[in-house]
Amino acid sequence: IVLDEVERRRGISAALVYPFMRSLMESPFPAPGKTIKVKTFLPGAGNEVLELRRPMDSRLEHVDFECLFTCLSVRQLIRIFASLLLERRVIFVADKLSTLSSCSHAVVALLYPFSWQHTFIPVLPASMIDIVCCPTPFLVGLLSSSLPKLKELPVEEALMVNLGSDRFIRQMDDEDTLLPRKLQAALEQALERKNELISQDSDSESDDECNTLNGLVSEVFIRFFVETVGHYSLFLTQNEKGERAFQREAFRKSVASKSIRRFLEVFMESQMFAGFIQDRELRKCRAKGLFEQRVEQYLEELPDTEQSGMNKFLRGLGNKMKFLHKKN
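Since this is a predicted model, take the numbers as computed values, not measurements. (Residues numbered from 1 in each chain as written. Predicted model: local features only at pLDDT ≥ 70, side-chain atom pairs only at ≥ 80, totals over all residues. Heavy atoms only, no water.)

J.: Outline the side chain of K194, supporting the account with residue identities and numerical values.
T.: Tracing the backbone through its elements, the reader meets K194 in helix α8 (residues 194-201). In this structure K194 touches F69, L213 and L216, once residues within four positions along its chain are discounted. (Helix = DSSP H or I, 4+ residues; strand = E, 2+ residues; numbered from the N terminus. Contact = heavy atoms within 4.5 Å.)

In structure tokens:
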């Protein structure tokens, strides 16, 4: 939001940026979940009051998922998510710096509880465009003015996304087959119905943070990871020295769904998954983040004889938000 406001003022006159930033700096930093009001002046519009809300979950403080749905259809977004999950090369192209920055940070936030381990440059300067020829995974953003040069470069296999037209400039053509089929369908269904689900949940007594777009979208993707890897803690064993070790094959083979097992065969080879497991092996105390909270709820739901149930999706989004899918 702040970047958009800066860009709007810069489009009129660069001199308008400083008073806005000064007003912002003089405002108190909001507590989690609280809103501050920033008074500004814009020629032609007069005095304005800009409301800025700090998310309750600090993980989403600098993330705005709205930009993703403004620029991309749900189907395209899930294809990009799948490509990043399998650590492919992804290039965003847009007319505005703020669009590149917002969308890049937002799509990386969808990977939680995993972290992107590779090159990440939300706005790549034109002078450094040769980086897109790198053979390793990356997520970079380029202004549309660099598109002609981009098309001339010998870029290896990559997904190129035009954020201004919801179109893939280049793709691998297998993006629809990377995720487990029924979990992908559940993701699409939940995101297509996001406005309805938010309005339903706002009538319930659930956490206010889930009543926002950011909260709902975060929960939807967390649920995807709960369904695919939520049983990981059952396969962290401890030896006599107190060291924890992950039982990889037992973890994968315990899953009842064939499509999820096939997905895990590939995903478990990623640096994201390796970093996630290594972090859990080395921790002296059990993590208590949002993902672990959802995992605890999930494991409590599973029948004792079927720890890998994998048959419920988005159960914890609110009293009226339940999506069920059968095993594939």
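J.: Break down the pattern of salt bridges for me, citing the residues and quoting the values.
T.: Using the criterion set out here, one finds 17 salt bridges in the structure. The closest approach of N and O atoms between R223 and E227, which form a salt bridge, is 3.4 Å. On the criterion of helical spacing, the pair formed by R223 and E227 is a turn pair, its members being 4 residues apart in helix α9 (residues 213-229). Judged by its relative accessible area of 8%, R223 falls in the buried class. Overall, the relative accessible area of 0% leaves E227 in the buried class. Look at the salt bridges and you will find they share partners, linking E5, R8, R9 and E48 into a network. (Salt bridge = Lys/Arg side-chain N within 4 Å of Asp/Glu carboxyl O. Buried < 20%, exposed > 50% of the residue type's maximum accessible area, 1.4 Å probe, protein only.)

J.: Mind laying out the packing of aromatic side chains, listing which residues take part and the relevant values?
T.: What the rule picks out here adds up to 18 aromatic pairs. Pairing F251 with F273 gives two aromatic rings, centres 6.0 Å apart and planes at 35°, and the pair type is tilted. Of the two residues, F251 sits in helix α10 (residues 248-253) while F273 sits in helix α12 (residues 271-282), which places them 22 residues apart along the sequence. Looking at F273, the relative accessible area reads 0%, which means it is buried. A centroid spacing of 6.0 Å and a plane angle of 75° characterise the contact between F276 and F291, whose relative ring orientation is edge-to-face. Here F276, found in helix α12, pairs with F291, found in helix α13 (residues 290-301); they are 15 residues apart in sequence, far enough to count as distant. Pair check on accessibility: F276 and F291 agree, each one buried. Here the guanidinium or amino end of R9 rests over the ring plane of F20, the centre of that ring lying 4.4 Å away. (Phe/Tyr/Trp six-rings, centres within 6.5 Å; stacked < 30°, edge-to-face > 60°. Lys NZ or Arg CZ within 6 Å of the ring centre and 35° of its normal.)

J.: How would you sum up α12? Please name residues and give values.
T.: For α12, built from 12 residues, the straight-helix expectation of 16 Å at 1.5 Å per residue is met to within 8% by its first-to-last C-alpha distance of 16 Å. Those residues of α12 that sit buried are M272, F273, F276, I277 and R280. Summarising the axial view, the buried residues of α12 lie within an arc of 125°, below the 170-degree limit, and thus occupy one face. (Expected span 1.5 Å × (residues − 1). Arc of directions from axis to C-beta.)

J.: Tell me about unusual backbone geometry, residues and numbers included.
T.: Of note, the amide linkage connecting Y112 to P113 takes the cis form, showing an omega dihedral of 15°. Within the secondary structure layout, P113 lies in the loop between α5 (97-109) and β4 (119-121). Look at E87: it is not a glycine, yet its phi comes out positive at around 55°. With respect to the helices, strands and loops of the structure, E87 is situated in the loop between α4 (74-85) and β3 (89-94).

J.: For the environment of V93, give the residues involved together with the corresponding values.
T.: Residue position: V93 is located in strand β3. You can call V93 buried: its relative accessible area is 1%. Considered as a pair, V93 and G164 are 71 residues apart in the sequence and their alpha carbons are 7.7 Å apart. The contacts of V93, once residues within four sequence positions are left out, are L100, L142, L143, S144, L147, L150, V161, N162, L163, G164 and I169.

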